[in-house]
Amino acid sequence: MEKLIITAALTGAEVTKVQQPNLPVSPDEIAEAAYACYKAGASIVHVHARDAEGNPTQSYEVYKEIKEKIEAKCNIIVQPSTGGATWHTPEERLQPVELKPEMATLSCGTCNFGPEVFMNSEEYIEKFAARMKELGVKPEIEVFERGMIENAIRLVKKGLLDTPVHFDFVLGVPGACPGTPEDLMHMVRSIPAGSTWTVAGIGRAETPLAVMAIVLGGNVRVGFEDNVYYEKGVMAESNAQLVARIVRISKEIGREVATPDEARKILGLK
Ligand code: KMH
Ligand code: ZN
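Residues numbered from 1 in each chain as written. Chains lettered and ligands numbered in written order. Predicted model: local features only at pLDDT ≥ 70, side-chain atom pairs only at ≥ 80, totals over all residues. Heavy atoms only, no water.

**Looking at the side chain of Arg93**
Inspection of the secondary structure puts Arg93 in helix 3 (residues 90-94). Apart from the residues lying within four places of it in its own chain, the contact partners of Arg93 are Gln58, Ser81, Thr82, Gly83, Gly84, His88, Phe118, Met119, Asn120 and Phe128. (Helix = DSSP H or I, 4+ residues; strand = E, 2+ residues; numbered from the N terminus. Contact = heavy atoms within 4.5 Å.)

**Side note on the environment of Glu53**
Tracing the backbone shows Glu53 in the loop between strand 3 (49-50) and strand 4 (56-57). Taking relative accessible area as the criterion, Glu53 reaches 64% and is therefore assigned exposed. Residues Glu53 and Ser26 lie 27 residues apart in sequence; the distance between their C-alpha atoms is 9.3 Å. (Buried < 20%, exposed > 50% of the residue type's maximum accessible area, 1.4 Å probe, protein only.)

**Considering the pattern of salt bridges**
Tallied over the full model, the rule gives 21 salt bridges. Among the ionic pairs, Lys67 bridges to Glu71, the shortest N-O distance being 3.1 Å. Pair noted here: Lys67 and Glu71 are both in helix 2 (residues 60-73), with a separation of four residues, about one helical turn. Classification of Glu71 by relative accessible area gives partly exposed; the value is 42%. Between Asp261 and Arg264 there is a salt bridge, with the nearest N and O atoms lying 2.9 Å from each other. Of the two residues, Asp261 and Arg264 are both situated in helix 9 (residues 260-267); the distance of three residues between them amounts to about one turn of the helix. Judged by its relative accessible area of 45%, Asp261 is partly exposed. (Salt bridge = Lys/Arg side-chain N within 4 Å of Asp/Glu carboxyl O.)

**A word on the packing of helix 7 (residues 206-216) against helix 8 (residues 239-253)**
The geometry of helix 7 relative to helix 8 is characterised by a closest axis approach of 10 Å and an angle of 40° between their N-to-C directions. What the angle tells us is that helix 7 and helix 8 run oblique. When you trace helix 7 past helix 8, the crossing you get is right-handed. Each of Glu206, Thr207, Ala210, Val211, Ile214 and Val215 in helix 7 lies in contact with helix 8, whose residues at this interface are Leu242, Arg245, Ile246, Ile249, Ser250 and Ile253. The residue inventory of the contact of helix 7 with helix 8, partitioned by class, reads eight nonpolar, two polar and two charged. (Axes fitted to C-alpha atoms, helices over the stretch in contact; angles between N-to-C directions. Parallel < 35°, antiparallel > 145°, perpendicular 65-115°, else oblique. Left-handed = near helix turned anticlockwise from the far one by under 90°. Nonpolar A, V, L, I, M, F, W, Y, C, P; charged D, E, K, R; others polar.)

**A short note on the site of ligand 1**
Near ligand 1 lie 14 residues; those nearest to it are Glu14, Ser81, Gly84, Thr105 and Glu225. Contact distances for ligand 1 include 3.4 Å between an oxygen atom and a backbone N or O atom of Gly83. Taking 300 Å² as the accessible area of ligand 1 by itself, protein coverage stands at 98%. With respect to the pocket detection grid, ligand 1 is positioned in the largest pocket. Classifying every residue of the shell around ligand 1 gives three nonpolar, eight polar and three charged. (Near = heavy atom within 4 Å. Polar contact = N/O pair within 3.5 Å; in protein donor to acceptor, adjacent residues only side chain to side chain. Areas by Shrake-Rupley, 256 points an atom, 1.4 Å probe, with all protein chains shown as cover. 1 Å grid on protein atoms, 1.4 Å probe; cavity = no way out; pocket = protein on both sides within 12 Å on 5 of 7 lines; lining within 4 Å. Sits in = over half its atoms within 2 Å of the grid points.)

**Focus on the coordination of the zinc ion (ligand 2)**
Those protein atoms acting as donors to the zinc ion (ligand 2) are His46 (NE2), His48 (NE2) and Glu225 (OE), and they sit at 2.1 to 2.2 Å. Summarised as a motif, the one-chain spacing of the donors to the zinc ion (ligand 2) is H-x1-H-x176-E. With His48 in the loop between strand 2 (44-47) and strand 3 and Glu225 in the loop between strand 12 (219-222) and strand 13 (229-231), this pair connects stretches of sequence that are 177 residues apart. Given a relative accessible area of 18%, Glu225 falls into the buried group. (Donors = N, O, S within 2.8 Å, 3.2 Å for Na, K, Ca; no water.)

**Concerning the pairing of strand 1 (residues 6-9)**
Of the two faces of strand 1, the one carrying Ile6 and Ala8 and the one carrying Thr7 and Ala9 are both buried. Summarising the sheet, strand 1 and strand 12 pair through three bridges and their orientation is parallel. From the neighbouring strand, Ile6 faces strand 12, where its bridge partner is Val220. Bridging between strand 1 and strand 2 involves three bridges; their strand directions are parallel. When the sheet's bridge partners are listed, Thr7 is paired in strand 2 with Ile44. Crossover connection from strand 1 via helix 1 (residues 27-40) to parallel strand 2: handedness right-handed. (Pairing = 2+ DSSP bridges. Right-handed = clockwise from strand over helix to strand, strands pointing away.)

Written out as C-alpha coordinates, the structure reads:
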(Lines give C-alpha, C1' and ligand atoms only; values in the text may rest on other atoms or scores of the structure.)
(Ligands and ions follow the chains in the order given, each with its own letter.)
Protein backbone atom coordinates (compact mmCIF):
# COMPACT_ATOMS: atom_id res chain seq x y z
CA MET A 1 0.00 0.00 0.00
CA GLU A 2 1.26 3.53 -0.79
CA LYS A 3 2.09 5.87 2.07
CA LEU A 4 -0.80 7.98 3.42
CA ILE A 5 -1.25 11.49 2.03
CA ILE A 6 -2.76 13.85 4.60
CA THR A 7 -4.37 17.09 3.43
CA ALA A 8 -5.01 19.90 5.89
CA ALA A 9 -8.05 22.02 4.96
CA LEU A 10 -7.20 24.99 7.12
CA THR A 11 -9.86 27.63 6.74
CA GLY A 12 -12.68 26.96 4.26
CA ALA A 13 -15.16 29.62 3.24
CA GLU A 14 -17.92 29.07 5.78
CA VAL A 15 -16.32 28.78 9.24
CA THR A 16 -15.87 31.96 11.31
CA LYS A 17 -13.60 32.91 14.20
CA VAL A 18 -16.72 33.00 16.37
CA GLN A 19 -17.24 29.29 15.70
CA GLN A 20 -13.53 28.44 15.97
CA PRO A 21 -11.36 31.14 17.59
CA ASN A 22 -8.14 29.58 16.26
CA LEU A 23 -9.30 29.62 12.62
CA PRO A 24 -6.41 30.89 10.47
CA VAL A 25 -7.67 33.79 8.39
CA SER A 26 -4.91 36.28 7.50
CA PRO A 27 -2.14 35.22 5.08
CA ASP A 28 0.32 35.10 8.01
CA GLU A 29 -2.03 32.96 10.10
CA ILE A 30 -2.70 30.63 7.16
CA ALA A 31 1.02 30.24 6.42
CA GLU A 32 1.77 29.57 10.10
CA ALA A 33 -1.02 26.97 10.27
CA ALA A 34 0.22 25.33 7.04
CA TYR A 35 3.73 25.08 8.51
CA ALA A 36 2.40 23.57 11.74
CA CYS A 37 0.42 20.99 9.72
CA TYR A 38 3.51 20.22 7.62
CA LYS A 39 5.50 19.59 10.79
CA ALA A 40 2.67 17.39 12.10
CA GLY A 41 2.69 15.24 8.94
CA ALA A 42 0.48 16.85 6.30
CA SER A 43 1.78 16.84 2.72
CA ILE A 44 -0.97 18.97 1.10
CA VAL A 45 -2.58 22.13 2.32
CA HIS A 46 -6.01 23.05 0.90
CA VAL A 47 -6.26 26.84 0.95
CA HIS A 48 -9.19 29.27 1.03
CA ALA A 49 -8.29 32.96 1.17
CA ARG A 50 -10.02 35.60 3.29
CA ASP A 51 -10.00 39.39 2.87
CA ALA A 52 -8.94 41.91 5.53
CA GLU A 53 -12.42 41.67 7.10
CA GLY A 54 -12.18 37.88 7.29
CA ASN A 55 -14.67 37.28 4.45
CA PRO A 56 -13.99 34.67 1.75
CA THR A 57 -12.20 36.05 -1.29
CA GLN A 58 -10.87 34.43 -4.46
CA SER A 59 -8.49 37.35 -5.09
CA TYR A 60 -5.42 36.40 -7.11
CA GLU A 61 -3.32 38.77 -5.00
CA VAL A 62 -4.36 37.30 -1.65
CA TYR A 63 -3.79 33.73 -2.86
CA LYS A 64 -0.39 34.82 -4.20
CA GLU A 65 0.57 36.24 -0.83
CA ILE A 66 -0.56 33.09 0.97
CA LYS A 67 1.23 30.78 -1.48
CA GLU A 68 4.49 32.73 -1.24
CA LYS A 69 4.33 32.82 2.56
CA ILE A 70 3.74 29.06 2.79
CA GLU A 71 6.49 28.30 0.25
CA ALA A 72 8.93 30.42 2.26
CA LYS A 73 8.40 28.08 5.23
CA CYS A 74 8.21 24.56 3.76
CA ASN A 75 7.68 22.40 0.66
CA ILE A 76 4.09 21.33 1.44
CA ILE A 77 1.90 21.06 -1.69
CA VAL A 78 -0.29 24.16 -1.94
CA GLN A 79 -3.77 23.38 -3.26
CA PRO A 80 -5.95 26.49 -3.66
CA SER A 81 -9.72 26.19 -3.78
CA THR A 82 -11.63 26.94 -6.95
CA GLY A 83 -14.85 26.27 -5.03
CA GLY A 84 -14.60 29.49 -3.06
CA ALA A 85 -17.88 30.43 -1.39
CA THR A 86 -21.28 29.60 -2.94
CA TRP A 87 -21.79 33.26 -3.89
CA HIS A 88 -18.51 33.72 -5.82
CA THR A 89 -18.78 33.96 -9.61
CA PRO A 90 -17.03 31.30 -11.71
CA GLU A 91 -14.58 33.95 -12.95
CA GLU A 92 -13.66 34.88 -9.37
CA ARG A 93 -13.32 31.26 -8.40
CA LEU A 94 -10.84 30.45 -11.16
CA GLN A 95 -8.36 33.21 -10.27
CA PRO A 96 -5.93 31.24 -8.03
CA VAL A 97 -5.33 28.76 -10.86
CA GLU A 98 -3.44 31.54 -12.67
CA LEU A 99 -0.74 31.21 -9.99
CA LYS A 100 0.03 27.80 -11.52
CA PRO A 101 -0.11 25.90 -8.22
CA GLU A 102 0.76 22.19 -8.38
CA MET A 103 -2.87 21.29 -7.63
CA ALA A 104 -6.27 22.98 -7.30
CA THR A 105 -9.72 21.68 -6.48
CA LEU A 106 -12.33 21.11 -9.20
CA SER A 107 -15.90 20.49 -8.05
CA CYS A 108 -17.64 18.30 -10.61
CA GLY A 109 -21.31 19.05 -10.08
CA THR A 110 -24.00 21.10 -8.38
CA CYS A 111 -25.47 20.31 -4.97
CA ASN A 112 -27.21 21.87 -2.02
CA PHE A 113 -24.76 23.24 0.52
CA GLY A 114 -26.61 23.86 3.77
CA PRO A 115 -29.21 26.48 2.95
CA GLU A 116 -27.36 27.49 -0.24
CA VAL A 117 -26.71 25.99 -3.67
CA PHE A 118 -23.14 25.23 -4.78
CA MET A 119 -23.43 25.79 -8.52
CA ASN A 120 -21.14 23.97 -10.97
CA SER A 121 -22.62 23.83 -14.46
CA GLU A 122 -21.14 21.59 -17.15
CA GLU A 123 -20.00 24.70 -19.03
CA TYR A 124 -17.95 25.96 -16.09
CA ILE A 125 -16.63 22.56 -14.99
CA GLU A 126 -15.22 22.21 -18.51
CA LYS A 127 -13.81 25.76 -18.52
CA PHE A 128 -12.09 25.17 -15.17
CA ALA A 129 -10.70 21.79 -16.31
CA ALA A 130 -9.43 23.23 -19.60
CA ARG A 131 -7.62 26.11 -17.89
CA MET A 132 -6.05 23.78 -15.32
CA LYS A 133 -4.86 21.52 -18.11
CA GLU A 134 -3.38 24.47 -20.05
CA LEU A 135 -1.46 25.63 -16.97
CA GLY A 136 -0.34 22.16 -15.83
CA VAL A 137 -2.34 22.28 -12.59
CA LYS A 138 -3.48 18.84 -11.34
CA PRO A 139 -7.16 18.92 -10.35
CA GLU A 140 -8.40 17.27 -7.20
CA ILE A 141 -11.95 16.29 -8.17
CA GLU A 142 -14.33 17.30 -5.37
CA VAL A 143 -17.18 14.80 -5.15
CA PHE A 144 -20.18 15.78 -3.02
CA GLU A 145 -22.61 13.36 -4.73
CA ARG A 146 -22.12 10.11 -6.66
CA GLY A 147 -22.99 11.61 -10.07
CA MET A 148 -20.01 13.94 -9.85
CA ILE A 149 -17.72 10.95 -10.47
CA GLU A 150 -19.47 10.41 -13.83
CA ASN A 151 -18.97 14.08 -14.69
CA ALA A 152 -15.23 13.67 -14.05
CA ILE A 153 -15.12 10.55 -16.25
CA ARG A 154 -16.83 12.60 -18.98
CA LEU A 155 -14.04 15.18 -18.68
CA VAL A 156 -11.50 12.40 -19.23
CA LYS A 157 -13.40 11.22 -22.36
CA LYS A 158 -13.42 14.80 -23.70
CA GLY A 159 -9.65 15.12 -23.17
CA LEU A 160 -10.04 17.80 -20.50
CA LEU A 161 -8.75 15.71 -17.60
CA ASP A 162 -5.71 13.41 -17.50
CA THR A 163 -5.63 10.00 -15.82
CA PRO A 164 -5.04 8.79 -13.20
CA VAL A 165 -7.67 11.06 -11.67
CA HIS A 166 -7.40 12.11 -8.04
CA PHE A 167 -10.77 12.30 -6.23
CA ASP A 168 -11.75 13.86 -2.91
CA PHE A 169 -15.02 12.52 -1.45
CA VAL A 170 -16.50 15.29 0.67
CA LEU A 171 -19.11 13.45 2.70
CA GLY A 172 -21.54 14.82 5.24
CA VAL A 173 -22.25 18.31 3.85
CA PRO A 174 -25.84 19.14 4.88
CA GLY A 175 -27.89 18.89 1.69
CA ALA A 176 -25.47 16.53 -0.09
CA CYS A 177 -24.26 12.93 0.36
CA PRO A 178 -24.09 11.80 4.03
CA GLY A 179 -20.86 10.63 5.64
CA THR A 180 -21.67 7.01 6.44
CA PRO A 181 -19.27 4.09 5.87
CA GLU A 182 -21.67 2.74 3.20
CA ASP A 183 -21.56 6.04 1.33
CA LEU A 184 -17.77 6.03 1.31
CA MET A 185 -17.64 2.41 0.11
CA HIS A 186 -20.04 3.22 -2.72
CA MET A 187 -17.84 6.12 -3.83
CA VAL A 188 -14.63 4.07 -3.64
CA ARG A 189 -16.19 1.28 -5.74
CA SER A 190 -17.39 3.79 -8.33
CA ILE A 191 -14.09 5.33 -9.44
CA PRO A 192 -12.00 4.04 -12.34
CA ALA A 193 -9.21 1.55 -11.52
CA GLY A 194 -5.89 3.30 -11.01
CA SER A 195 -7.45 6.47 -9.56
CA THR A 196 -6.26 7.89 -6.26
CA TRP A 197 -8.68 9.19 -3.64
CA THR A 198 -8.97 10.99 -0.36
CA VAL A 199 -11.89 11.52 1.99
CA ALA A 200 -13.02 14.63 3.80
CA GLY A 201 -15.63 13.63 6.36
CA ILE A 202 -17.62 16.62 7.57
CA GLY A 203 -18.11 17.18 11.31
CA ARG A 204 -18.43 13.97 13.29
CA ALA A 205 -17.80 11.90 10.12
CA GLU A 206 -14.21 13.17 9.91
CA THR A 207 -12.37 10.62 12.04
CA PRO A 208 -14.39 7.45 11.27
CA LEU A 209 -14.08 7.99 7.51
CA ALA A 210 -10.39 8.82 7.91
CA VAL A 211 -9.83 5.49 9.65
CA MET A 212 -11.63 3.71 6.79
CA ALA A 213 -9.45 5.49 4.24
CA ILE A 214 -6.25 4.55 6.05
CA VAL A 215 -7.27 0.88 6.03
CA LEU A 216 -8.61 0.87 2.45
CA GLY A 217 -5.56 2.51 0.88
CA GLY A 218 -7.16 5.92 0.37
CA ASN A 219 -5.97 9.21 1.78
CA VAL A 220 -7.28 11.64 4.38
CA ARG A 221 -8.30 15.29 4.60
CA VAL A 222 -8.89 16.92 7.98
CA GLY A 223 -9.06 20.51 9.19
CA PHE A 224 -11.27 23.35 10.32
CA GLU A 225 -12.91 23.66 6.87
CA ASP A 226 -14.53 20.29 7.55
CA ASN A 227 -14.64 20.00 11.33
CA VAL A 228 -13.85 22.40 14.18
CA TYR A 229 -14.12 19.84 17.03
CA TYR A 230 -11.59 17.42 18.44
CA GLU A 231 -14.30 15.29 20.00
CA LYS A 232 -17.97 15.75 20.89
CA GLY A 233 -18.33 19.08 22.67
CA VAL A 234 -14.56 19.81 22.66
CA MET A 235 -13.16 22.35 20.20
CA ALA A 236 -9.94 21.40 18.40
CA GLU A 237 -6.96 23.55 19.36
CA SER A 238 -5.51 23.75 15.87
CA ASN A 239 -5.53 22.21 12.42
CA ALA A 240 -2.21 20.57 13.30
CA GLN A 241 -3.82 18.80 16.25
CA LEU A 242 -6.28 17.15 13.83
CA VAL A 243 -3.41 16.18 11.50
CA ALA A 244 -1.40 14.73 14.40
CA ARG A 245 -4.29 12.45 15.37
CA ILE A 246 -4.40 10.98 11.85
CA VAL A 247 -0.63 10.43 11.85
CA ARG A 248 -0.91 8.58 15.17
CA ILE A 249 -3.77 6.37 14.01
CA SER A 250 -2.06 5.58 10.71
CA LYS A 251 1.17 4.59 12.45
CA GLU A 252 -0.75 2.38 14.89
CA ILE A 253 -2.40 0.64 11.93
CA GLY A 254 0.96 0.19 10.25
CA ARG A 255 0.67 2.62 7.36
CA GLU A 256 3.42 5.17 6.93
CA VAL A 257 2.72 8.82 6.21
CA ALA A 258 3.98 10.46 2.99
CA THR A 259 6.23 13.49 2.92
CA PRO A 260 5.28 16.22 0.40
CA ASP A 261 7.80 14.86 -2.12
CA GLU A 262 6.48 11.32 -1.68
CA ALA A 263 2.94 12.66 -2.18
CA ARG A 264 4.13 14.40 -5.39
CA LYS A 265 5.33 11.04 -6.69
CA ILE A 266 2.15 9.18 -5.70
CA LEU A 267 -0.05 11.83 -7.34
CA GLY A 268 2.16 12.24 -10.42
CA LEU A 269 2.72 15.95 -9.89
CA LYS A 270 5.18 17.63 -12.21
N1 KMH B 1 -16.93 26.32 0.07
C2 KMH B 1 -17.68 25.41 -0.72
C3 KMH B 1 -18.89 26.06 -1.27
C4 KMH B 1 -13.52 23.61 -2.82
O5 KMH B 1 -12.79 24.18 -2.01
O6 KMH B 1 -13.13 23.30 -3.93
C7 KMH B 1 -16.88 24.81 -1.81
C8 KMH B 1 -15.57 24.21 -1.46
C9 KMH B 1 -14.97 23.33 -2.50
O10 KMH B 1 -15.00 24.42 -0.41
ZN1 ZN C 1 -12.53 23.95 0.13
